[in-house]
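Structural description and commentary
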Amino acid sequence: MGETITFWVLAVVSVSAALGLVFSRKAVYSALMLGAVMLSLAVLYAVQDAPFLAAVQIIVYTGAVMMLFLFVLMLVGVDSSDSLVETIRGQRLWAMIAGLGFAVLVALAVGNLVVAPPTGLAGATQGAGGNVPAIAELIFTRHVFAFEVASALLITAALAAMVLAHRERSRPKPTQKVLARARFLSDHPSPLPGPGTYARNNAVDMPALLPDGSISELSVNRVIARHEAEEGGLPEDPKLAEAIRQAVEEESK
Amino acid sequence: MTTHYLVLSVLLFTIGAVGVLIRRNAIVAFMCVELMLNACNLAFVTFARQHGNLDGQIIAFFVMVVAAAEVVVGLAIIVTIFRTRRSASIDDANLLKY
């Protein structure tokens, strides 16, 4: 009875989270939905006499794989949303129809099976004394070759990730001497004014005031200025807004 | 109960497959592949209990290992493509086609 309730709750949760994964516009929401699916699957494993796999599912999938996905999302840019242009015409519609057909076909085939009540794993795990010892015994005896090959695969994958993500420096790293010379050749030998200097507060988006009370657009952080201009969230103070707009123009030049 | 688990597994697999077909963002398509692998694991665990045999659980364990390796390499490839082409859309990576 308890298993039935768990199953139905988690089935609803996981299927709706999977639908959310496919249909949410933002990639971060998709990642969170995938995390929800993986967690509910971990509970389903635990219910089905697989406590070791449940732990591994949480540690490897929701712990490592999801974090990797989120890191790459942050690297690639959270804003990178889908293009809505279809390169193959009607691809979305036909994909939906094919998916629906596949689901109905296989679900009907599976649903019409007559299965005996599950044997249960009590017999298989009894000899070793528990699920984890039984799995360990099988992995280190019958499947030991596959286990060693898996370790080789993991090392290869780690090396491959390092090789793929490594970038050669195309020009030599500028030394302190080069940087200092470049700075004295430019218009501003002194450090740029920090945000908020002489202003009423020292938030990073507050431009510094020059001694005559005017606003120095050099002190506005470029990234924040561009973001604010794109979002249309310019401050109400006209002098501030003007400074931010100028900073963005400097940037786009 | 076995049938229920298998139908759930089929549903999750189908949703993942549809996601791979309709999403253009490489990372989301990759997440859908992970969803398909997870659905297969659920079927393996279900059959392991059905037959009273631990081999299904061990295969699910190896699937997880291979999936972890695959995610590492796949995401590194996505980052590399993003670096050179400034895009994570799978429609843009079409140079091998011509």
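Not measured: the values here are computed from a predicted model.

Counting its regular elements, chain A contains 10 helices and two strands. Looking at chain A alone, contacts between residues at least 24 apart form 41% of all its contacts between residues at least 6 apart. Roughly 16500 Å² of accessible area belongs to chain A as shown, and the carbon and sulfur atoms make up 66% of that amount.

Okay, the UniProt feature "transmembrane region" (unreviewed entry) in chain A next. Residue and element names in this part refer to chain A. The sites that carry the UniProt feature "transmembrane region" (unreviewed entry) are, in the present numbering, residues 6-23, 28-46, 52-73, 93-115 and 144-165. In this annotation, residues 6-23 is assigned 100% helix and 0% strand; the end-to-end C-alpha distance for the span is 26 Å. Note that residues 144-165 is 100% helix and 0% strand, and that its end C-alpha atoms are spaced 32 Å apart.

This paragraph deals with the UniProt feature "transmembrane region" (unreviewed entry) in chain B. Mapped onto this structure's residue numbering, the UniProt feature "transmembrane region" (unreviewed entry) falls at residues 6-22, 27-47 and 59-82 of chain B. Along residues 59-82 of chain B, the helical share is 100% and the strand share 0%, with 34 Å between the first and last C-alpha atoms.

Glancing now at the layout of surface pockets. Each pocket or cavity is described by its volume, and for the largest pocket that value is around 210 Å³. Along the walls of the largest pocket sit Val15, Leu19, Val22, Phe23, Met96, Gly99, Leu100 and Ala103 of chain A together with Leu11, Thr14, Ile15 and Val18 of chain B, which together make up its complete lining. Secondary structure elements with two or more residues in the lining of the largest pocket: α1 (2-23) and α4 (91-111) of chain A together with α1 (2-22) of chain B.

Within the secondary structure layout, Val66 of chain B lies in helix α3 (residues 55-85). Residue classification places Val66 of chain B among the partly exposed positions, given a relative accessible area of 44%.

Each side of the interface is counted separately: chain B has 66 residues, and chain A has 84 residues. When chain B packs against chain A, close to 6800 Å² is buried across both sides, 74% of that on carbon and sulfur atoms. Of all residues in chain B, Met31, Arg49 and Met64 of chain B give up the largest surface area on contact with chain A, accounting jointly for 11% of the area buried on that side. Taken together, chain B and chain A are joined by two salt bridges. Among the ionic pairs, Arg142 of chain A bridges to Asp55 of chain B, the shortest N-O distance being 3.0 Å. Joining chain B to chain A, the criterion identifies 14 residue pairs in polar contact (both at pLDDT 80 or more). Top element by residues in the side of chain B that touches chain A is α3 of chain B. It accounts for 22 residues. Counted by class, the side of chain B that touches chain A contains 43 nonpolar, 16 polar and seven charged residues.

What counts and how
- Residues numbered from 1 in each chain as written.
- Chains lettered and ligands numbered in written order.
- Predicted model: local features only at pLDDT ≥ 70, side-chain atom pairs only at ≥ 80, totals over all residues.
- Heavy atoms only, no water.
- Helix = DSSP H or I, 4+ residues; strand = E, 2+ residues; numbered from the N terminus.
- Contact = heavy atoms within 4.5 Å.
- Areas by Shrake-Rupley, 256 points an atom, 1.4 Å probe, with all protein chains shown as cover.
- UniProt positions renumbered as here; feature names shortened; annotations may be inferred.
- 1 Å grid on protein atoms, 1.4 Å probe; cavity = no way out; pocket = protein on both sides within 12 Å on 5 of 7 lines; lining within 4 Å.
- Points joined across faces, edges and corners; volume = space filled by probe spheres on them.
- Buried < 20%, exposed > 50% of the residue type's maximum accessible area, 1.4 Å probe, protein only.
- Buried area = accessible area lost by both parts, 1.4 Å probe.
- Salt bridge = Lys/Arg side-chain N within 4 Å of Asp/Glu carboxyl O.
- Polar contact = N/O pair within 3.5 Å; in protein donor to acceptor, adjacent residues only side chain to side chain.
- Nonpolar A, V, L, I, M, F, W, Y, C, P; charged D, E, K, R; others polar.

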